[in-house]
Each structure stands twice: as C-alpha cells, then as structure tokens.
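Listed here are the chains, written in short residue letters.
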Amino acid sequence: MKEWKNNIRKVEPYVPGEQPKEQNIIKLNTNENPYPPAPAVCEALKRLDPGRLRLYPDPACGLLVNSLAAYHGLEPGQIFVGVGSDDVLAMAFMTFFNSEKPVLFPDITYSFYRVWADLLRIPFETPALDEDFRLRAEDYYRENGGVVFPNPNAPTGIAVTLDFIRDILDHNQDAVVIVDEAYIDFGGETALPLLKEYENLLVVRTYSKSRSMAGMRIGYAMGNPELIRALNDVKYSYNSYTMDQTALELGAASLAEEDYFCQVIGKITATRERAAKRLAELGFQCLDSSANFLFAAHPGYDGGKLFQYLRSKGIYVRYFDSPRIFEYLRMTIGRDEEMERLYQALEGAAYENL
Ligand SMILES: *Cc1c(COP(=O)(O)O)cnc(C)c1O
C-alpha cells in the first residue's frame, strides 16, 4: 500500500436520513418541522441586502447571541452559537472531552455522539438503556471524562425529569455534562434552571426542529461564561466565521414571534397524541414520546420490511438496523393529512407479506 494511504484518517461517518428528490413524497424521516418558519423570518429574508454579502459576517455572532440571551433571560456571555447543533456539539466534544477517562452516553441515542468520539479519539462507554428504553441514573455515577445525552432522548422520544438531571449533575461535579435539548420544545423539562447551580452544565439547542429552520443550520449552547469562552477559543482556533450573515439575521428574527412558535408546537404535539392513539389501534407498541416523532414497533411485522414497504408507497420514515431497535420505526410527526396517508399505508400493510 502507498505510504500516504496509511496517513488518511479512517472514520465510519454518521449517516443522515435521506433527502429524496422526488415530488409528492411524505417525508417523516428526519424530524423536520412540517410547518414553515415564522412570518418574521420570511420578512427578514426579503429585507436581506445582497451587497452585505461582500463582507465577512460578525465573527462574534453578536446579533444572534444577544437575541438568544434576551430570549432566554441569560447574559450574552452564556451563549455560544454554531452551524446547527451538530457543529455546536462537535465543538463541545473537542473542547470539553479531553480526559483519559471515557465519556459516557447511552447505547441507544443520537448516533452522531459515537462518530465524534471516534473522529476526535475520545474514549467512550455506552451504558445500556433499561428494557423500557429509559436511562438509568446509576450508570452515570462512575468515573468518567464527560457525560452527554439528549433530553428527550433520540430515537426513543423518552424524556427524563429535572430531578434526574440534577442527580446526574450531583454525581458528576468533575466533568462537563451536556444535555442535548434538540426536542425539548415538544415536551419534557428543560435543564436551563440548573445553569445557576452547576457550572459544568452545557445545554444545547437547535433551530432545526421546533423552529422549522433545518435548512438554515443554526444551533446554540448555553452554559456558564467559562464554558462558553472555552468553546469560543476552540471555534476561533478552527474557523472564525462559522455562522453566515443570513443565519445570524434569520435566527434573530425567529425569536420575535413567540405566538407563532407556540402555535406550531401546539399543532405538532396534538397530532403526536392522535398519532400515538392511531398507531396503538393498528397494533403498534409505541414508546412514550415527548418529541416530534414516535418510535414504534409492530409485533406482526419485520421493521426493515415495513420500512421498505412504506418507502414503496412514497412515505419515508427512519429505520435503524442496529441491536435492540431493529424492530422499530421512527416516524416524524407531519401535518395531519400526511399522517392520514401514513395510517392508510399502515392499514394496507396487513395485506402484504411483511
Ligand atoms: C437533529 C438533532 C441534532 C442536530 O440538529 P442540527 O441542529 O440540525 O445539527 C442534534 N441532536 C439530536 C438529538 C438531534 O436529533
């Protein structure tokens, strides 16, 4: 083998959900929001000055940082922004997980955690969720180099309580604990009130799901100013201009319309509750979701075959061919009419050989 080939970084990359090109498909596979972003975002988009694109954006992302600080009642020094929460999380792994001790995250969780750990050569262990797919606090009492988990968890949708997070923090004063709140707007209790008490807590959020802006790539972290400074030091050592001008302006605009935001969340959570009922009627076992998706298995069907069958009907959901969850499908909550098409297809599955 050529010498240079030995020096190539070998990683097994994260596999994102498909973004199909065909029209008229029902896309319930990547937890996008089925409703458009706030009207204020569309207005801000129209007001954008193309002449401004000549200049570099503000490297400190002041407009967005200040808007988020005001929105959450925090200081600007407590906010770090990035190109989607994937960027923020990758920076956080780089910044905070530099111990010889393993970082801990659940065996069934957002699969990107394992990829970043591998890429950045961070040792890690993955304590198993219990039989009901719930986190066990005791698993995180052992010595570690950091803790990260989503709340609600993905792809299960199951949330933990604030007391549970407090317990994990009480047992982990010597490592950074990251709570990935990608889905918190759809249910569950935010860890934000704990920021006052725990200087090693980092809470990460995204615009991709609840704010209907996956295409804009905006994510952020909240934590004590020392954590945020450390994140910024790493960011400036890597790429000073992570956020483009458009993202900064549209991200700030989205925060100005709380009524619209609450309305969208209300519609999605109402659809989720109806969907959980319908799926149960169809014989699915559905985990208790606090997110904008349902994770469900049917005792009569093979998960992989059901996924392919739905795909053949133009309905894309997410299937993970991995231990413990290969019977399950993760179905994003779409508009009611999209969900009706899903139920119809699932009714039809009874006549197929799945
Ligand atoms: C979707 C998701 C992310 C990434 O979101 P982006 O902001 O679009 O990068 C991070 N964590 C979890 C658990 C997610 O489901």
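Source: prediction; values computed, not measured. (Residues numbered from 1 in each chain as written. Predicted model: local features only at pLDDT ≥ 70, side-chain atom pairs only at ≥ 80, totals over all residues. Heavy atoms only, no water.)

Caption draft 1: Focus on the sheet that holds strand 6 (residues 177–180). Read across the sheet, seven strands follow the order 2-8-7-6-5-3-4 without closing on themselves; strand pairing throughout is mixed. Bordering the open sheet on either side are strand 2 (79–82) and strand 4 (124–125), each of which pairs with just one other strand. Alignment of strand 6 against strand 7 (residues 201–206), held across four bridges, turns out to be parallel. For Ile178, the partnering residue across the bridge sits in strand 7 and is Leu202. (Pairing = 2+ DSSP bridges. Helix = DSSP H or I, 4+ residues; strand = E, 2+ residues; numbered from the N terminus.)

Caption draft 2: Spatial organisation of the domain arrangement of the protein. In terms of domains, the protein is made up of domain 1 (17–36 + 258–351) and domain 2 (39–254). Relative to domain 2, the C-alpha centre of domain 1 lies at a distance of 25 Å. Counting residues at the interface gives 26 residues for domain 1 and 29 residues for domain 2. Between domain 1 and domain 2, a total of about 2100 Å² is buried, with carbon and sulfur atoms accounting for 62% of that surface. Counting the surface domain 1 buries against domain 2, the share from its top three residues, Phe261, Ser290 and Arg324, is 30%. (Domains from an automatic or database assignment. Contact = heavy atoms within 4.5 Å. Buried area = accessible area lost by both parts, 1.4 Å probe.)

Caption draft 3: Summary view of the site of the ligand. The local shell around the ligand holds 13 residues, among which Ser85, Tyr183, Thr206, Ser208 and Lys209 are the closest. In the environment of the ligand, an oxygen atom lies 2.5 Å from a nitrogen or oxygen atom belonging to the side chain of Thr206. A distance of 2.6 Å separates an oxygen atom of the ligand from a polar side-chain atom of Ser208. Look at the ligand: alone it shows 380 Å² of surface, and the protein chains cover 93% of it. (Near = heavy atom within 4 Å. Polar contact = N/O pair within 3.5 Å; in protein donor to acceptor, adjacent residues only side chain to side chain. Areas by Shrake-Rupley, 256 points an atom, 1.4 Å probe, with all protein chains shown as cover.)

Caption draft 4: Representation of the packing of helix 10 (residues 303–312) against helix 11 (residues 336–348) in the model. One way to put it is that helix 10 packs onto helix 11 with a least axis distance of 10 Å and a crossing angle of 125°. The angle between helix 10 and helix 11 falls in the class oblique. Both helix 10 and helix 11 take part in a crossing whose hand is right-handed. Along the contact surface, helix 10 presents Leu306, Tyr309 and Leu310, while helix 11 presents Leu342, Ala345, Leu346 and Gly348. (Axes fitted to C-alpha atoms, helices over the stretch in contact; angles between N-to-C directions. Parallel < 35°, antiparallel > 145°, perpendicular 65-115°, else oblique. Left-handed = near helix turned anticlockwise from the far one by under 90°.)

Caption draft 5: Inspection of empty space enclosed by the protein at higher detail. In the structure shown here, the tally under the stated rule is one cavity of 30 Å³ or more. Along its surface, the largest cavity is lined by Pro36, Pro37, Ala38, Ser210, Arg211, Ser212, Ser254, Glu257, Tyr260, Phe261 and Val264. For the lining of the largest cavity, the per-class residue count stands at six nonpolar, three polar and two charged. Shared between two domains, the lining of the largest cavity takes at least three residues from each, and those domains are domain 1 (17–36 + 258–351) and domain 2 (39–254). (1 Å grid on protein atoms, 1.4 Å probe; cavity = no way out; pocket = protein on both sides within 12 Å on 5 of 7 lines; lining within 4 Å. Points joined across faces, edges and corners; volume = space filled by probe spheres on them. Nonpolar A, V, L, I, M, F, W, Y, C, P; charged D, E, K, R; others polar.)

Caption draft 6: Molecular detail of the pattern of salt bridges. Scanning the model with the defined rule gives 15 salt bridges in all. With a closest N to O distance of 3.1 Å, Arg136 and Asp139 form a salt bridge. Taking the relative accessible area as the measure of exposure, Arg136 reaches 32% and is therefore partly exposed. Judged by relative accessible area, which is 15%, Asp139 ranks as buried. Residue Glu181 pairs with Arg205 through a salt bridge whose shortest N-O separation is 2.9 Å. Taken as a pair, Glu181 in the loop between strand 6 and strand 7 and Arg205 in strand 7 lie far apart in primary sequence, 24 residues in all. Arg205 matches Glu181 in its accessibility class, with the two residues each being buried. (Salt bridge = Lys/Arg side-chain N within 4 Å of Asp/Glu carboxyl O. Buried < 20%, exposed > 50% of the residue type's maximum accessible area, 1.4 Å probe, protein only.)

Caption draft 7: Main features of the layout of surface pockets. Its boundaries defined by the atoms lining it, the largest pocket holds a volume of some 720 Å³. Along its surface, the largest pocket is lined by 29 residues, and Thr109, Ser111, Arg114, Phe320 and Ser322 are the ones closest to its centre. At the level of secondary structure, the elements contributing two or more residues to the lining of the largest pocket comprise helix 5 (112–119) and strand 12 (318–319). Among the elements that line the lining of the largest pocket, the one with the most residues is helix 5, at three residues. Both domain 1 (17–36 + 258–351) and domain 2 (39–254) contribute no fewer than three residues apiece to the lining of the largest pocket. Here the second largest pocket is characterised by a volume of approximately 580 Å³. When residues in the lining of the second largest pocket are grouped by element, the largest group, four residues, is from helix 4 (residues 84–96). Built from parts of two domains, the lining of the second largest pocket gets at least three residues from each of domain 1 (17–36 + 258–351) and domain 2 (39–254).

Caption draft 8: Inspection of the side chain of Ser254 at higher detail. Following the sequence through the fold, Ser254 ends up in helix 8 (residues 245–254). Residue classification places Ser254 among the buried residues on the basis of a relative accessible area of 4%.

Caption draft 9: Structural detail: the pairing of strand 8 (residues 219–223). Extensive coverage of strand 8 is indicated by the burial of five of its five residues. Where burial is concerned, the two faces of strand 8 agree: the one with Gly219, Ala221 and Gly223 and the one with Tyr220 and Met222 are both buried. Sheet topology note: the strand 2/strand 8 ladder contains four bridges and is antiparallel. When the sheet's bridge partners are listed, Phe80 is paired in strand 8 with Ala221. As defined by bridge partners, strand 7 adjoins strand 8 across five bridges and the pair is classed as antiparallel. In the strand pairing of strand 8, Arg205 is matched with Tyr220.

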